[in-house]
Amino acid sequence: MGKELRRYGNWVLSVLVGIGVFLFWYVFYPHALSYQEQYQLFLWTGDYFLERMSVPGGLADWLGEFIVQFYYVEWLGALLLALLFVVLQRLTARLLPKKWWLLSVLPVILLWWLMGDINVLLSFPVAVVLALFAAWIMGKLVKPDKLVILVMIELLMVPLLYWLIGPAVWIYILVRVCQLGWKHLWLAGWFVAVQLIAYAWLLPQWPLQQVMTGLNYYRIPLHYPQLKGYDKEMYELIRQDYLVRNERWDEIVKRAQQYQVKTPFSSVCVNLALSKKRQLADRMFDFYQSGDDALIMPRIRDLTSMLPSAEAFWHLGMVNSAQRYMFDTQESILNGRKSGRCTKRIAECMMVNGHQKTAAKQLALLKKTLFYRGWAKEAEALMKDKQKMEKHPVYGRLRQLRYKENFLYSYEEMDKMFGLLFMNNNGNKMALDYFLAQMLLKGNLQGFQQYLGLAQQYGGYREMPLGYQDVMRCIQAQGRVPDSPYAKYVQRMMERRGE
């Protein structure tokens, strides 16, 4: 009875792990999958594989990126993650004493929780699985009574595993010591020696700390994950960016009505969604506004902050600024990877600007991927047909909206940039909305009144938007308007500035 319980119970546990992991990522955290996918560009080339294999942990890194590329299709990415965790649970169950089979779920829980840190790369869970698999195979194939053969194989196995999976070899060593006894603790000393030899002869360009703890387990060099779980605010911002990327404007507004993180990043996402729904003039101050950075954030050299601003630039028709923000974002990926999302947008910006040769270089990279290849081939053909390009619903429209001349500007003059963009093409209603909104965010009420007529003339409104009506009441009553969204915003800005 106990044997059957263990056998069938273990299978039931594996099924539950698989279903739980799949539903968690696909139903509740698809935005986390998208976040990971957008910060790599997996190329199906031999050079790409050899580059990954040129450092310790290369195989785990390559396999991790291989799986992450499938996050582009969310259900497929969640399914592969579920399979990986099921393999982890099954291997753990085989390595544990049979009566402890229930404990096989503990590594799954720990890794699942660890992955709440958005900078933990999938190469680490893959390395853990490979380490356990190697320990299980060695336990099956190499008998402990043949000591000489065992020692010779382990002397070769440890450096080989180190190069394939990185410092996760410590897990392999721990399991082997448990299998063979404490007299085989020499494996730990041998592994440390292997790492020091590799550092001295093969990896002098890397910090010793990384050589010892892993080059490709964590996105930020010389930093380590913290078991902090899934932070609500951080993952809400990731979700907003995911919805912006997929142009799901209604969902952004709906979620912001229920819960909005009070940061400039969130304000940019919500305002972009409102503008795309032509609701910015009516409802802007019904939502949290961070200040004069609530429409476009200044350039911040990290891998996330500028993404919604880059998307806002793109939809406005400020193509050069969108390209610059996307380029800076890609260059800010601290582990030196490229970004599929950024590379695609950079290529699109170059296409709109008519820079075919430089766009072709970006498209050549994307054609070596799995999920961007089809789009890259279509874009390459589109570039060769000027008439189709001009009639394209996105690229053709942006060619009409964009500035016709290149010039420099400062971030503090963003309202003027929106105004010039609108004057360049009076049909750009989004630029008009942003122009008036930026003046309101800066508190330039005189300028707002001066140009309010443009909204009536070109905005396409049947009557003055509710938000503008509220602003005019505040102006007339000198801010003394009960329950006025704009008056509350102005008061908050004055308190922030100590006025």
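As a reminder, the structure under discussion sits directly above these lines.
Residues numbered from 1 in each chain as written. Predicted model: local features only at pLDDT ≥ 70, side-chain atom pairs only at ≥ 80, totals over all residues. Heavy atoms only, no water.

Colleague: How should the overall build of the chain be read in this particular structure?
Modeller: A count of helical and extended segments in the chain gives 27 helices and zero strands. Taken along its principal axes, the extent of the C-alpha atoms in the chain is 90 × 55 × 40 Å. Per-residue burial over the chain gives 52% buried out of 499 residues. Per element, the accessible surface of the chain, about 24,500 Å² overall, is 61% carbon and sulfur. Computed over 58 positive and 40 negative side-chain charges, the separation of the two mean positions in the chain equals 7 Å. (Helix = DSSP H or I, 4+ residues; strand = E, 2+ residues; numbered from the N terminus. Buried < 20%, exposed > 50% of the residue type's maximum accessible area, 1.4 Å probe, protein only. Areas by Shrake-Rupley, 256 points an atom, 1.4 Å probe, with all protein chains shown as cover. Lys, Arg positive; Asp, Glu negative; His and termini not counted. Charge placed at Lys NZ, Arg CZ, Asp CG, Glu CD.)

Colleague: I'm lost on the packing of helix 8 (residues 147-165) against helix 10 (residues 186-201) in this one. Help?
Modeller: Packing of helix 8 against helix 10 brings their axes to within 10 Å, and their N-to-C directions diverge by 45°. Taken together, helix 8 and helix 10 sit at an angle that is classed as oblique. Note on packing geometry: the crossing formed by helix 8 with helix 10 is right-handed. Along its contact with helix 8, which presents V151, E154, L155, V158, P159 and Y162, the element helix 10 presents W186, L187, W190, F191, V194, Q195 and A198. Tallied by class, residues from the contact of helix 8 with helix 10 come to eleven nonpolar, one polar and one charged. (Axes fitted to C-alpha atoms, helices over the stretch in contact; angles between N-to-C directions. Parallel < 35°, antiparallel > 145°, perpendicular 65-115°, else oblique. Left-handed = near helix turned anticlockwise from the far one by under 90°. Contact = heavy atoms within 4.5 Å. Nonpolar A, V, L, I, M, F, W, Y, C, P; charged D, E, K, R; others polar.)

Colleague: What am I meant to see in the packing of aromatic side chains here?
Modeller: Within a pair of aromatic rings, the relevant descriptors are the distance that separates the centres and the angle that separates the planes. Enumeration over the complete set of coordinates arrives at 37 aromatic pairs. For the pair F24 and W112, a centre-to-centre distance of 5.2 Å together with 85° between the ring planes defines the contact as edge-to-face. In this pair, F24 is assigned in helix 1 (residues 2-28) and W112 in helix 6 (residues 106-114), connecting sequence segments 88 residues apart. Of the two residues, F24 and W112, both sit in the buried class. Each ring, one from F42 and one from F66, has its centre 5.9 Å from the other, and the planes form 75°; the classification is edge-to-face. Note that F42 is positioned in the loop between helix 2 (30-37) and helix 3 (46-52) and F66 in helix 4 (residues 58-68), a separation of 24 residues in sequence. Taking relative accessible area as the criterion, F42 reaches 3% and is therefore assigned buried. Of the residues examined, F66 reaches a relative accessible area of 25% and is grouped as partly exposed. Taken together, the ring pairs connect F42, W44, Y48, F49, W62, F66, F70, Y72, F371 and Y372 into an aromatic cluster. (Phe/Tyr/Trp six-rings, centres within 6.5 Å; stacked < 30°, edge-to-face > 60°.)

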